[in-house]
Amino acid sequence: MDEEAHAALERIAAERECMRILHAYGRAIDWQDRDGLGCLFWPDAAIDLGFFRGNGPEATAFLLANAARSQRRFHATSNIVLRVDGATAMADSCCITHAVGSEEGNPAWQLFFGRYLDRLERRGSEWRLAERRFLLNGYHAGALDEPSPLAPVARADALTPEHPLFRFR
């Protein structure tokens, strides 16, 4: 394999790993997967969510504690623009977060729309988030109203790595 082809394969592998990290973030929070979330941040990462600022371990603890206040969570990351340059990558992605919990004892929901501005770094052979900043586009909330035709649909309540439907142990 020539040098140019080898460089292209390395870039594709780096892009794929960075994309995996960006998508794994929401799943780890939704399932309350401490190990899965903790391995996405470098310990010295600079995380700025607006309502939280801290390093990688502090972000992991905060995000899991915050998510535990809801009975259901859903994070989606999309429209990712990613640029890899050697051992650094910059990413801009859209995110949607939905949570079901209670407001003053009444079932309620919250919906956040925003974007993440990320810097990922490869240290040795491993990629992780080195910096994350959240920008809010919009927020909506209200009383939970789930129509009766949805009654038989299983709910994504109390998801943890111990849940029988958790995959990829």
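This is a predicted model, so every value here is computed, not measured.

(A) Summary view of the overall build of the protein chain. A tally of regular secondary structure across the protein chain gives three helices and six strands. Ordered by position from N to C terminus, the α and β elements of the protein chain give α-α-β-β-α-β-β-β-β. For the protein chain, the spread of C-alpha atoms along the principal axes amounts to about 60 × 30 × 25 Å. Within the protein chain, the fraction of its 169 residues that count as buried is 37%. Contacts in the protein chain between residues far apart in sequence, at least 24 positions, make up 55% of those at least 6 positions apart. Summed over all atoms, the accessible surface of the protein chain reaches about 10,200 Å², with 55% contributed by carbon and sulfur. In the protein chain, 20 positive and 24 negative side-chain charges are present, and the distance between their average locations comes to 3 Å.

(B) Representation of the packing of aromatic side chains. Counted according to the given criterion, the structure contains seven aromatic pairs. Centre to centre, the rings of Y25 and F41 are 6.2 Å apart; their planes meet at 90°, and the pair counts as edge-to-face. With Y25 in helix α1 (residues 3-30) and F41 in strand β1 (residues 41-48), the pair connects residues that are 16 residues apart, well separated along the chain. Taking relative accessible area as the criterion, F41 reaches 2% and is therefore assigned buried. With 5.3 Å between their ring centres and 65° between their planes, W31 and F166 make a pair best called edge-to-face. In this pair, W31 sits in the loop between α1 and α2 (34-38) while F166 sits in the segment after β6 (126-143), placing the two residues 135 residues apart along the sequence. Taking the relative accessible area as the measure of exposure, W31 reaches 14% and is therefore buried. Connected via pairs of aromatic rings, a cluster forms that spans Y25, F41, Y116 and F134. Of note, R132 hangs over the ring of Y25, and the distance from its end group to the ring centre comes to 4.2 Å. The cationic tip of R132 hangs over the ring face of Y116; the distance from NZ or CZ to the ring centre is 3.7 Å.

(C) Seen up close, the packing of α1 against helix α3 (residues 56-67). Look at α1 against α3: their axes get within 9 Å of each other, and the N-to-C directions meet at 50°. As judged from the angle between their axes, α1 and α3 are oblique. Where α1 abuts α3, its residues Y25, A28 and I29 lie against L63, L64 and A67. Residue composition of the contact of α1 with α3, by class: six nonpolar, no polar and no charged.

(D) Fine view of the environment of F113. Tracing the chain through its elements places F113 in strand β5 (residues 106-123). Classification of F113 as partly exposed rests on a relative accessible area of 30%. With 23 residues separating them in the primary sequence, F113 and L136 have C-alpha atoms 6.3 Å apart. Ignoring anything within four residues of it in the chain, the contact list for F113 reads C95, I96, F134, L135, L136, N137, G138 and H140.

(E) Expanded view of the sheet that holds β5. Across the sheet, six strands lie side by side as β2-β1-β6-β5-β4-β3; this open sheet has mixed pairing. Edge positions in the sheet fall to β2 (53-54) and β3 (72-85), since each has one partner strand and no second. Against the sheet, α1 makes contact with β1, β3, β4 (88-103), β5 and β6, and its axis sits at roughly 165° relative to β3, the strand it touches most.

Analysis parameters
- Residues numbered from 1 in each chain as written.
- Predicted model: local features only at pLDDT ≥ 70, side-chain atom pairs only at ≥ 80, totals over all residues.
- Heavy atoms only, no water.
- Helix = DSSP H or I, 4+ residues; strand = E, 2+ residues; numbered from the N terminus.
- Buried < 20%, exposed > 50% of the residue type's maximum accessible area, 1.4 Å probe, protein only.
- Contact = heavy atoms within 4.5 Å.
- Areas by Shrake-Rupley, 256 points an atom, 1.4 Å probe, with all protein chains shown as cover.
- Lys, Arg positive; Asp, Glu negative; His and termini not counted.
- Charge placed at Lys NZ, Arg CZ, Asp CG, Glu CD.
- Phe/Tyr/Trp six-rings, centres within 6.5 Å; stacked < 30°, edge-to-face > 60°.
- Lys NZ or Arg CZ within 6 Å of the ring centre and 35° of its normal.
- Axes fitted to C-alpha atoms, helices over the stretch in contact; angles between N-to-C directions.
- Parallel < 35°, antiparallel > 145°, perpendicular 65-115°, else oblique.
- Nonpolar A, V, L, I, M, F, W, Y, C, P; charged D, E, K, R; others polar.
- Pairing = 2+ DSSP bridges.

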